[in-house]
Amino acid sequence: MTNDWQTVELSKVMRLEIDAVPVNSQSEFQMAGVYSFARGLFKREALPNTQTTYKFFHRLHKDMFVISVPKGWEGALARVTENFNGMFLSPVFPTFRANPKELDIRYFEWYCRQSKVWDELRRKSRGIGARRESISAEKFLSLEIPLPPLDEQRRIVEYVETTSALVANALSLREEADLETEILAFATARKIFANLDAEIIELGELVDQTRNGIQTGPFGAQLGSGDFIESGHPVITIGNVQFTGLETRNKLKFISKAKAKQLARFAAQEGDILFARMGTVGRCCVVPKEAEGWIYNYHLIRVALDKTKAEPRYIHWLIRASEDIETKLGDKIRGATREGVNSKIVASLPCRVPPLDEQRRIVAYLDSVQARLASLRELQSATGEELSALLPSVLDRAFKGEM
């Protein structure tokens, strides 16, 4: 401690105060809950008195302080704000009242947002194993806290609340900036395709006819839920297909090698485009080399391009950002009895297709834009981590009297 503040046991400035309401006194109770990690209270559904075995509930009053006996060591503690005045918690949530002449409850609330306080509660908890530890009201009141004069407590609250609001605003702006980088990549591509001086032809004219160029994945009778096993030959589903590429962190499904052999005509090849025909219709990716031979399912349409006519990465960018294609898909989806598209609609998508050299030049430029924006997002992510770490640092200094 770098100040002359006194350190007091919490019981000197706070006492247990419980407003126990018998369950049979009213037909239902508006219940609340307490988030872990000092994130405050939340509202639950009203509970009929016929659906509980408790004999009474604890009624909350503004500026009480509440802890969870089983999870107080995890930061499940909170000040009762005006919004929760009159709501109820079960008896495993004892409530307390601070002496307002000595302790500003908002000062104590901010003090309890420090992880070191939760660690101290864990040390005071009883039980074996993290999930069995519990903190009694008596042990909670044995906490020792720094107690500056009330004026100083209020000054600290004002400073911390101002800083907290600034950090929250900065985090919000960072999230908006992250979203704007995605929009910027999309807008750059859309502008290029809108101004492209090239003949518009249908996608079906660009496919490899030797491979049945546009093909929907196997129907349910050919590939059903009963065919999937824990490991084996990979099956690509709609969740794996993202504009950023084939996402294998979303769990792949697997079938036996014998089943994969039966479905060989639905095996993807490097450079194919996989197109989501349901859900986020039009989301697509280019099949990478490592996914060569994997089976794609019924929710996907495979486009095998004639690479003497079209560069797969160019068509991928075109499907992602072309206004012509977006309009076409929108019209077809709006006019359909059920959301989704078929291979015939995909074959009719309008594509502005310049010579191959120009396609590759456009892809290289858009990929470079994407790479620069990815670097910017990494920088923004690091900034976000620094901002998230700022408030705990501010709290630590504030309660050491260093502000």
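Calculation criteria
Residues numbered from 1 in each chain as written. Predicted model: local features only at pLDDT ≥ 70, side-chain atom pairs only at ≥ 80, totals over all residues. Heavy atoms only, no water. Pairing = 2+ DSSP bridges. Helix = DSSP H or I, 4+ residues; strand = E, 2+ residues; numbered from the N terminus. Salt bridge = Lys/Arg side-chain N within 4 Å of Asp/Glu carboxyl O. Buried < 20%, exposed > 50% of the residue type's maximum accessible area, 1.4 Å probe, protein only. Phe/Tyr/Trp six-rings, centres within 6.5 Å; stacked < 30°, edge-to-face > 60°.

K.L.:
Whenever I open this one, the sheet that holds strand 17 (residues 253–255) confuses me. Can you help?
P.N.:
Within a beta sheet, neighbouring strands are joined by backbone hydrogen bonds and run either parallel or antiparallel to one another. Pairing is mixed in the open sheet, where three strands are placed in the order 17-14-20. Where the open sheet ends on each side, the last strands, each with one partner, are strand 17 and strand 20 (295–296). When strand 14 (residues 233–236) meets strand 20, the two strands line up parallel, connected through two bridges. The partner of Ile 236 across the bridge, within strand 20, is Tyr 296.

K.L.:
I tried to follow the pattern of salt bridges on my own but got confused; where do I start?
P.N.:
Two side chains that carry opposite charge are able to pair once their charged atoms sit near each other. Counting across every chain of the model gives 25 salt bridges. When the shortest N-O distance is used, the salt bridge between Lys 62 and Glu 82 registers 3.8 Å. Note that Lys 62 is positioned in the loop between strand 6 (56–59) and strand 7 (65–67) and Glu 82 in the loop between strand 8 (77–79) and strand 9 (88–89), a separation of 20 residues in sequence. The partly exposed category is assigned to Lys 62, whose relative accessible area is 40%. We note a salt bridge from Glu 326 to Arg 190, for which the minimum N-O separation is 2.7 Å. Taken together, the residues span a long stretch of sequence, with Glu 326 in helix 7 (residues 323–335) and Arg 190 in helix 4 (residues 150–194) at a distance of 136 residues. Under the relative-accessibility criterion, Arg 190 is labelled buried at 19%.

K.L.:
Could you clarify how one ought to interpret the packing of aromatic side chains in this entry?
P.N.:
Aromatic ring pairs are described here by two measures, namely the spacing of the ring centres and the angle between the planes. Counted under the stated rule, the structure contains 14 aromatic pairs. Between Phe 193 and Tyr 314 the ring centres are 5.6 Å apart and the planes differ by 85°, which places this aromatic pair in the edge-to-face class. Here Tyr 314 lies in helix 6 (residues 312–321) and Phe 193 lies in helix 4, a separation of 121 residues in the sequence. Since its relative accessible area comes to 2%, Phe 193 is described here as buried. Tyr 314 sits in the buried class, given a relative accessible area of 0%. Centroid distance Phe 219 to Tyr 298: 4.9 Å. Interplanar angle 45°. Geometry classified as tilted. Of this pair, Phe 219 sits in the loop between strand 13 (214–216) and strand 14 while Tyr 298 sits in the loop between strand 20 and strand 21 (300–303), placing them 79 residues apart in sequence. In this structure Tyr 298 comes out as partly exposed when scored by relative accessible area, which is 25%. The structure contains a cluster of three or more aromatic residues connected by ring pairs, namely Phe 29, Tyr 54, Phe 57 and Phe 88.

Don't take any of this as a statement about function, it's just geometry.
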